[in-house]
Structures are given as structure tokens and as C-alpha cells.
Amino acid sequence: MEHANFRRRFGARAYAAAGFISAAVFAALAPACSDNNNPAPDAASQDANLRAAWVEIGDQNQAIARVITTYAGCPLIVVDGSSSRMSQRVGPATVPQRTTASAAADSKPSDFPVTVCEARLPSTAQKVTVASRTLPLPKASPQRIAIIADTGCRMKKSSNSFQSCSDPAQWPFARTAQAVAAMQPDLVLHIGDYQYRENACPDGTAGCAGSPWGYGWDTWDADLFTPAAPLLAAAPWVVVRGNHEECARAGQGWFRFLDTEAYDVERSCDDPVNDSFANYSYPYAVALGSDTQVIVFDSAKTGAAALKTTDAQFVTYQQQFMKVAALAAKSGVTTIFANHHPILGYAPVTGADPAPGNQALQSVMNSLNSTAYYPPGVQLAMHGHVHDFQALNFSTGQPATIVAGNGGDALDVNLPDPFPASDNVAAGATLESISHTSTYGFMIMERGAAAGSWTFKAYTVDGKLLTSCGFAAARLSCDKSGFIDPNS
Amino acid sequence: MRSGRGGRAASVAVLALAATAARADLPPERPYGDSTLRYRVIAPQRAFAARPELAALGRRVFFDPALSEPAGLACSGCHDPRRAFSGDRGSAIGAAPGSRPDRFGTRNTPSLLYARYAPPLYLFMDDDAVVPEPRGGLFADGRIDTLAQLPVQPLTNPLEMNNRGAAMVVRKLARAPYAGEFRRRFGAAVFATPARGMAALGEALEAFLQSDGMAPFSSRYDDFIRGKGRLTAQELRGLALFRNPDKGNCASCHGFNETSSDPARSLFTDYAYEAVAVPRNPALPANRDPAHHDLGLCETAKARHWPQPEQWCGYFRTPSLRNVAVRERYMHNGFFKDLRTVVRYYATRGTDPWTWYPKGRMFDDVPAAYRRNLNINSTPYNRREGMKPSLDEGEIDAIVAFLRTLTDQAYEDRLPAAAGAPP
């Protein structure tokens, strides 16, 4: 990693002027306006060209409309009756093969034969359409927020793991997306790991036969955009980056499709020389109404071991957590911290006590906040990465923690029940209560009557309620504790 | 992330394969942080080629009863070709008698079919995993890496074929009717030293065990995945339950891929190790000593000088389930007599432990010091006492019905009557 170039380590976000929602910005990104009363036929705006369309929310609650099109140009977008052409985020390309998480023989160039278009939306927008699609818009005070993570279909040669991506029982993400969409959420929070189809399906294996592999558009389409289409149409998304989106994995697609910042070829993961820059992003906050915010943190490249203070990654993460502290310092606002790797959550290990939370991040957070780990203001942390559901409280004052990594990729084993009382997730953190299970599913957080209070509900993939956890004052109160039997 | 079975042991920083020499058939090891741990992120595939003439010689060795001491017990005596090359010679105690009928082995005889696919013992760590886990090796404790190294173990085990060393085996080999074939293939001096003789014997047996006849893939399940046959509704239900992570969850260890027409992708094992805590088998002579415990993988870990070998006590390698329905007995210690009871044990070990263990002596075949090694996480046995099992009796029947489809054609006549009502 590099130390010298602040921009290269922290991304364009740190250099950009504070993003804000304004018609001026929207206008700047929408150069070709037309009379909406008599729109001319526009080839770029034909439905048949569009492969995906969604809205995601970035820094300063900036809503961004994104479209993926097979057409050479970007379509028109109509915002409250005013039509303009979307800006090209990035055009088609075949990126030469780079070093990946797999052997070179099991890797290939990443082909992106699509154009990604975008438009920043004004906060006042009431109706936004692209072609015949009406895009979901953020609500000022979202009442129901869906939480999913770790949703892709595993195709991995090194572990000889090939989920049957065409079998909804074995890879249920499409079912998850449909079930969540049916609950009509106002917002979707995806906590990382979207794309798992890294290596070719073995010959003669019908369950994944014909599946694309590698890191190009086709894999993103198969793992995310097609199965998630109902959910992308249902609500805007807040996107968190997972370790499967680090540069040596699906990072190229992350920056083309999902990253909320302006596309920057130096932060594209196309060239491994820039990985030490592109594997990190500056944290930002998304307001969930006036009383709650979620801080989005990129831990894509974190390792497992505690970091030395001289480690470049330590320095990077330390500066990012300083930013987290600044974002969280809002009185009267409940702050939720969202990153992919559990920090005060457990990883199950058969035949041994569960493994503690991510020690690399813990080491950095401990340097700033001692055994509180999180800065003042953070009341809840949400993660994926471990493929199960966990809801944890601590008697030592740390924020409550939720893990929701059971969205579709192969599950992890259950945590033990009863949970070993002596097993601390981090130095100075004592577990007070835990509810957990390992079954496919998702979560819904529903706004409570009191400011900043929420109810977190865990569901199976088919929408069966597993447990309901009230949340207020940094504490979760679940109606079930210990192992939750998904069959009962 | 995916831990699958959860990987192994939080104390990984000191776990190592330091004493294990690099082998050509294993992918390179990688260091684990600053520790001495070395592991592999690519699972090795066992490579083998048909050697029909050598396999024919190995077959003669395998069926030769003159190689035991006293003579009378061939390899095939315990690895009974009528029972998919497994069996306990009808002992009814869970282990086979040796060439001296007053001596019994300490473990149930495993099937040798499909053994050619077992990789050498290695530590595997998926790049998403928290910790590495051991996989591979032959025998329930993984102490042998290759089929060529295998024969010396039973041939010189006093409880099995009882030769007093390799020299005695080689002397018998030199007098065998097929000794000339050994000399022709391996040189006139093949029996000049015990080491040379045993190496030749090992190579011949390896060729036999790697031959296609020892991996027939001729079961109804194989026909099913090749699109040449069907499974019944009950069998398909069993397959789904076998795979379902909320129900049987069997496939989390006994891996298979029913969507692949390549049956070698359905070996029904991941070659990993599991601490299941099978009840103590009081019928085994070795268990008359209450202090005796078969500790499994940790004995190998000690022999290979792995740090903290005790963390592997109670672990035994996950066997293939091919032909499981025609086994004489079940589990490493042969405690269980029928397949349905085994499945029922898995389903109710946690919820109804006193059906399986003497009252107050939970996990009675694992010393108290090692009970923390046991798997209490995995469905179906992660449930607490009194909870509803993840499988009901009808679902257990369905899983057994599916497991019966894994029987190769040659052994279908050995299938016991289909399971009926629960005991």
C-alpha cells in the first residue's frame, strides 16, 4: 500500500466537493434535455436495450439512478416530467486478464459488453422513469428497510464448491429477492458479497452448467442483476462492499456497477498496480430519516490478523475510522455502522469455540476507542460475511451487533448452543445475549414509535418469521435466544 | 466467507505441518501469517492411471490367504468383496477377528472401494475460511498417505494379519505362486530386502485398488445422475433431506453433486474429519479396559509432530457413503448394526442423548478432556436435549431409502430388507 497519495488511498470521495442533492448537479449531469410533451423516438431508450435499472444512495443521501444497457449510448431519464439523457458512467470494455484470487489458468479477461449510465436525482424527485421502467425513489423517512448479504452463487475450484445455481433450493437468492420485494421495503441494504461465480463449472455438472464465470458482466448479471431484479425495482439500495468485491475478485464490476462515487479508471481494479488504492473507500453516512443514519464502511480487503500500527493498512483504516467518528457525532441520531466483516460478531468453528470478530479491524478500532471499539454515537453494527444470522448484545457497553450473511451463498455451520460463556468476541467485550441460526433468509428493520427505535425481524427465505428483536438505546431485545430452529 | 463445517480451532496460529515433507502430488503450501502454519488453498486431486497387469498381480496378493500369520486370512477376508470390500467377518462385535481368531481389531473394517480418490493428509484452508482443517489420508485416522503405503499396516498388525514385520511378509511373498511375476516386473532382487519387497507389494496392491473395478460407479444413483435411471419419489425426498441444511444436512460432510453426470463428483465424502462422539462399543475387546480410548486423528497429529495435537482427539475421517447400506457394521468403532439406526442417531444425538449414551455419561467414548473438540454445531445434532429433532421418523426412512440407492450393482443382493417402522 502507498502512503504518499491521499487521493489514491481514500478515493475520489475525499476530494470531491461535499456531495449534495441539487438540481444544478442534476442538470450538469444531464446535458441533453428535450420537450417531454413530444419526446422524439429515442433508440437508446428502448426497453429491449436495458439490462438493469435501479437507484442507489450514496454520500449525503445522493440518490443515483443507474442503468445498464447494451446500447451504445445512454437512455433518456424522465424526472418529474423533465427528460434528459443519462450520463455514461463507463462504456463497454474487455479488461485484460489480471491477477485474481484464482490461478491464472482459472482466470480470464473480464468482459463488460455493456454501458453503465447514471444520473444524480434531485431530492425533490417524485417520479423517475427510464424507458417504461419507473424507478423506486428514496423516502424521507423510510419505515421498512430490508437487509441482505452474501447473496451470490458459489463456483469455486479451489474448494471444489459448486452450488447448483439453477436450483432455487440450493441457491435461493432469487427466492430471497422475491420474498423481500413482496414485503415492499422502502430501502434495501446489501452488506456485501454479491458475486461468487469465480471459476468455471466442471464439465457435466448440470447444476451450474452454462453459468458464466470470472468477473465480467455476465457473472454480475447472473449473480445479482437478474435474480435481484424484483428487489431493484422495489426500492433504492444502499450498497456495502464485501471481500468478494475486492480488486482481485469482483472489484471491476463493483466500480462499474455499484460504487457510489464517480467512475475513475484508477479506482477500477482493472490494473493491479492500483489495488492498494482501489481496495479502500472513504466511509459515508446515509440518513434514514431525521433520527437514524447508517455509516457505510468498505472493509473489502481487511485481513484476519491484528495489524501492526506500522502497517499501511492500519494507517488507512485508522483514518477511515476517524471519519466514522466524525460522522457518528450527531446528537439525537441513532447511528448504525454497516460493513461486511463482523467486528463484534462470531465465526462458527466446529469442535472449538467460535472464532472472534475481525481482529484486523478490532486492532485499529481499539487504538482509537479502546475496548468500546466503536466511536460514541454508534449504537448498532450490521455485517455479513459469516453465512448465518446473529443478533448480539454486550454487557460491556459495545454496540449491539447483527450478522445477516445468509442471503444465498452456501451457509456456514451453526454456532454452538448453549453458547460458550467464556468466549469473548473481542478483548473487553462480554457477550450478554445471542440469538442465532444458520438457514437461508433475510432481515427487515421496521421503524418504531420512538425516535431512533427499530424492530429487526429475521425471516427465512420463504418469509417465515424466525425472531423479532426490538432495538433501542444500543440494545437488541429478541423474542428468542440461543439457537433458533428454522423448522419449528 | 464460508466456513462450511466451520474449519477448525481458534488456535491456528500454532498449528503446523512442519514435519511433513513436500510431496509431488500436493499443491504448494502457503505460510499462514507470521506463524509456522502451512496449508493449501487448492485441494489436491489424486492422479492415477490404469496399470492392468500390475493390478492383476495386486489382485492375487489381495486374495492370498498365505500372507497372514498363521496363514488363512487374506486381505479379502476382512475387506469382503461380497460386501463392497468391507466387513467384519461376521464377528457381530463391530470389528473383525484377525488371523488369530482370539484377536480382534479395534475398528470397523472400512470399504476399499473408491479408496483411490482419497488425497493424502493435508491441511486445507479455503481463502474465505477462518481456520484450516485437515483432510485426506487413509484409515480413519489418516495415518497413511498412499495406497502403496497401506498394506504393511494390516499385514504386520498383531490384531490383524499378525506378521512380525516386513521381513516375514516378504519371505512369504517370495514363496507365493506369483513370486515370479514380482521378479519379472521388479527385478530378480525384489525380495532381497524387506523394504524392496514391501515397496513392490505396495505398488501392486495400489494398482489393484486404483483399478476401475474398485470404483465401479454402477449404483442406481449413478444411473440416475447419468440420466439412465430414475429414483422413486421416496428416494428423491431422501436426497433432498440429505442435502437440506435445515434437515439432514448430511451433504455438508458427505459431499456429492447430483447434477453432475461425473460420478467421481459424488463420492459422498469431503475427506475431512469429524468428531461425532459415537457411543462406546463395549463389545470391542480393547474397550474392556476403561482407560482405553480410540482417539483417532490426534494420534496421527502426534506422530507428525503437529503442534497441539490434542485438539484433534476424537476426530475420524468422514467415510464415503457409497455402498453404505451393505455394511456389516457402522461407524469407526462398529457400534451400530444397521443404517437406519445410524441416521436416527445423527438426528437425535442432541435431542435424546440417553437413547445412545449411558445415563449421565454423555459422549462416553471420548475422554472428558477432549469433549470440547466434539461437533455440537452441525445440524442435525446441534439441538439441545428435549428439542424437536430436525428429522422425523418418516424423513429418516426417506434418507435411508436414498442411501440404499448408492449400492453398486454387484451388491444389490446384499441389501437388507427396506427399513420399516422405527424400533
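Predicted, not measured: the structure shown is a model, and the values here were computed from it.

Per the secondary structure count, chain B includes 11 helices and six strands. Burial analysis of chain B (423 residues in total) assigns 55% to the buried set.

When you go through chain A residue by residue, the secondary structure sums to 10 helices and 28 strands. In terms of overall size, chain A behaves like a compact globule, its C-alpha atoms giving a radius of gyration of 21 Å where 488 residues would be expected to give roughly 23 Å. Overall size of chain A, expressed as C-alpha extent along the three principal axes, is 70 × 55 × 50 Å. Out of the 488 residues in chain A, the part that is buried amounts to 59%. The contacts in chain A between residues at least 6 apart in sequence include a share of 73% that link residues at least 24 apart.

On to the interface of chain A and chain B. On the side of chain B, 38 residues touch chain A, which itself brings 39 residues to the contact. Residue composition of the side of chain A that touches chain B, grouped by class: 18 nonpolar, 16 polar and five charged.

For the rest of this paragraph, the subject is the pairing of strand β21 (residues 389-394) of chain A. All names here are of chain A. Counting buried positions over the six residues of β21 gives six, a clear majority of the element. Going residue by residue along β21, you find Phe389, Ala391 and Asn393 tucked away on one face and Gln390, Leu392 and Phe394 tucked away on the opposite face as well. As defined by bridge partners, β21 adjoins strand β22 (residues 400-404) across four bridges and the pair is classed as antiparallel. Across the sheet, Leu392 pairs through a bridge with Thr401, a residue of β22.

Moving on, we get to helix α1 (residues 52-62) of chain B. Here α1 of chain B has its buried residues at Leu54, Ala55, Leu57, Gly58, Arg59, Val61 and Phe62 of chain B. Next to the buried residues of α1 of chain B lie α2 (75-78), α5 (179-186) and α6 (194-209) of chain B.

This next bit is on the sheet that holds strand β28 (residues 482-483) of chain A. Residues and elements named next belong to chain A. Taken in spatial order, the eight strands line up as β17-β18-β19-β20-β22-β21-β23-β28 in an open sheet, and their pairing is mixed. Edge positions in the sheet fall to β17 (284-287) and β28, since each has one partner strand and no second. Summarising the sheet, strand β19 (residues 334-338) and strand β20 (residues 378-383) pair through four bridges and their orientation is parallel. Bridge pairing in β20 links Ile336 to Leu380. On top of the sheet, helix α9 (residues 312-328) reaches β17, β18 (292-296), β19 and β20; it is set at about 170° to β18, its chief contact.

The next thing to look at is the nonpolar core. In this structure, Ile147, Leu189, Val294, Ile295, Ala338 and Ala404 of chain A are the most contacted members of the largest nonpolar core, which totals 151 residues. Sorting elements by how many residues they give to this core places strand β2 (residues 50-57) of chain A first, with six residues. Sequence-distant contacts of Ile147 of chain A, that is, excluding residues within four places in its chain, are made with Leu189, Ile191, Met382, Ala404, Phe442, Met443 and Met445 of chain A. Formed by 97 residues, the second largest nonpolar core is a distinct cluster that contains Val278, Val324, Val343 and Tyr411 of chain B.

Right, let's get into the environment of Val239 of chain A. Residue and element names in this part refer to chain A. Relative to the helices and strands, Val239 resides in strand β16 (residues 237-239). For Val239, a count of 22 C-beta atoms within 10 Å gives the class buried. Separated by 15 residues in sequence, Val239 and Trp254 have C-alpha atoms that sit 9.8 Å apart. When neighbours within four sequence positions are excluded, Val239 is seen to be in contact with Glu56, His190 and Leu258.

So, about helix α4 (residues 166-175) of chain B. Helical periodicity: at 3.6 residues per turn, an α-helix aligns residues three or four positions apart in one direction. All names here are of chain B. Of the positions making up α4, those classed as buried are Ala166, Val169, Val170 and Leu173. Angularly, the buried residues of α4 cover 95° about the axis, an arc narrow enough to put them on a single face. Close packing links the buried residues of α4 with α3 (152-156), α5 and α6.

For any two helices packed against each other, one specifies the crossing angle of their axes together with the interaxial distance. Residue and element names in this part refer to chain B. Remark: α1 packs on α6, axes separated minimally by 7 Å, with the N-to-C direction vectors making an angle of 105°. Here α1 is positioned roughly perpendicular relative to α6, judged by the angle of their axes. Counting all contacts with α1, which are made through Leu54, Ala55, Leu57, Gly58, Arg59, Val61 and Phe62, the residues of α6 involved are Leu201, Glu203, Ala204, Leu205, Ala207 and Phe208. Here the contact of α1 with α6 is composed, by residue class, of 10 nonpolar, one polar and two charged.

Take the pairing of strand β5 (residues 82-85) of chain A next. Residues and elements named next belong to chain A. Where burial is concerned, the two faces of β5 differ: the one with Ser83 and Arg85 is buried and the one with Ser82 and Ser84 is not. Note: strand β4 (residues 76-79) against β5, four bridges, orientation antiparallel. Within β5, the residue paired with Ile77 across the bridge is Ser84. Turn length for the β4-β5 hairpin, with the two strands adjacent in sequence and antiparallel, is two residues, and the turn residue Asp80 shows positive phi of about 50°.

Residue and element names in this part refer to chain B. For chain B, the average pLDDT comes to 90, and 88% of its residues sit at 70 or higher. In this model, residues 2-27 is a region of pLDDT below 50 whose contacts with residues beyond four sequence positions or in other chains number 89 contacts. At the level of chain-chain contacts, confidence expressed as ipTM amounts to 0.85, with global pTM at 0.88.

What follows deals with the confidence of the model for chain A. Should the pLDDT be low somewhere, the predicted coordinates at that spot are not to be read in detail. Averaged over all residues, the pLDDT of chain A equals 91, while 92% of them reach at least 70. When the criterion is pLDDT under 50, residues 1-35 of chain A qualifies, and its contacts beyond four places in sequence or with other chains add up to 67 contacts.

What follows deals with the environment of Pro356 of chain A. All names here are of chain A. Its location among the elements puts Pro356 in the loop between β19 and α10 (359-369). C-alpha separation for the pair Pro356 and Gly73, spaced 283 residues apart in sequence, amounts to 49 Å. Excluding its chain neighbours within four sequence positions, the residues that come into contact with Pro356 are Tyr346, Asn424, Val425 and Ala426.

Okay, the environment of Leu135 of chain A next. Residues and elements named next belong to chain A. Tracing the backbone through its elements, the reader meets Leu135 in the loop between β11 (133-134) and β12 (144-148). We classify Leu135 as buried; it has 24 C-beta atoms within 10 Å. With 69 residues separating them in the primary sequence, Leu135 and Arg66 have C-alpha atoms 9.6 Å apart. Residues contacting Leu135, with those up to four places away along its chain left out, are Ala53, Val55, Ala65, Val128, Thr129 and Val130.

Where the residue is not glycine, phi is negative for most of them; where a peptide bond is considered, it is trans in most cases. All names here are of chain B. The peptide bond linking Glu69 to Pro70 adopts the cis configuration, its omega dihedral lying at -5°. Among the secondary structure elements, Pro70 is positioned in the loop between α1 and α2. In this chain, Thr379 is followed by Pro380 through a cis amide linkage whose omega measures 10°. In this fold, Pro380 is placed in the loop between α10 (339-348) and α11 (393-404). For Ala92, which is not glycine, the phi torsion reads 70° and is therefore positive. Residue placement: Ala92 occurs in the loop between α2 and β3 (122-124). Look at Ala92 and you get exposed, because 11 C-beta atoms sit within 10 Å. The phi torsion at Ala277 lies on the positive side, around 65°, for a residue other than glycine. With respect to the helices and strands, Ala277 occurs in the loop between β5 (273-274) and α9 (297-303).

Cut-offs applied
- Position numbers for residues count from 1 along each chain, tracking the sequence in the order it is written.
- Throughout, the order in which chains and ligands are written sets their labels, letters from A for the former and numbers from 1 for the latter.
- Confidence filtering applies because this is a predicted model: local features only for residues at pLDDT of at least 70, side-chain atom pairs given and counted only at 80 or more, and all residues used for totals across whole chains, interfaces and linings.
- Numbering goes from the N terminus for both helices and strands, where a helix is a DSSP run of H or I of at least four residues and a strand is a run of E of at least two.
- Exposure classes come from backbone-placed C-beta atoms, where a residue is buried if 20 or more other C-beta atoms lie within 10 Å of its own, exposed if 12 or fewer do, and partly exposed in between.
- When we talk radius of gyration, it's over C-alpha atoms, and the globule rule is simply 2.2 Å times the number of residues to the 0.38.
- Two residues qualify as being in contact provided that their C-beta atoms, derived from the backbone, are within 7 Å of each other.
- Under this grouping Gly is polar, as are all residues other than the nonpolar Ala, Val, Leu, Ile, Met, Phe, Trp, Tyr, Cys and Pro and the charged Asp, Glu, Lys and Arg.
- Any two strands with at least two DSSP-identified bridges between them are counted as paired.
- Only the stretch in contact is used when a helix axis is fitted, and all axes are lines through C-alpha atoms; the angle between N-to-C directions ranges over 0 to 180 degrees.
- Residues of type Ala, Val, Leu, Ile, Met, Phe, Trp, Tyr and Cys that are buried and joined through C-beta atoms within 7 Å form what is called a nonpolar core.
- This arc describes the spread of directions from the helix axis toward the C-beta atoms.
- To sort the angles, those under 35 degrees are grouped as roughly parallel, those over 145 as roughly antiparallel, those from 65 to 115 as roughly perpendicular, and the leftovers as oblique.
- Note on scores: pLDDT gives the predictor's confidence for each residue, bounded by 0 and 100.

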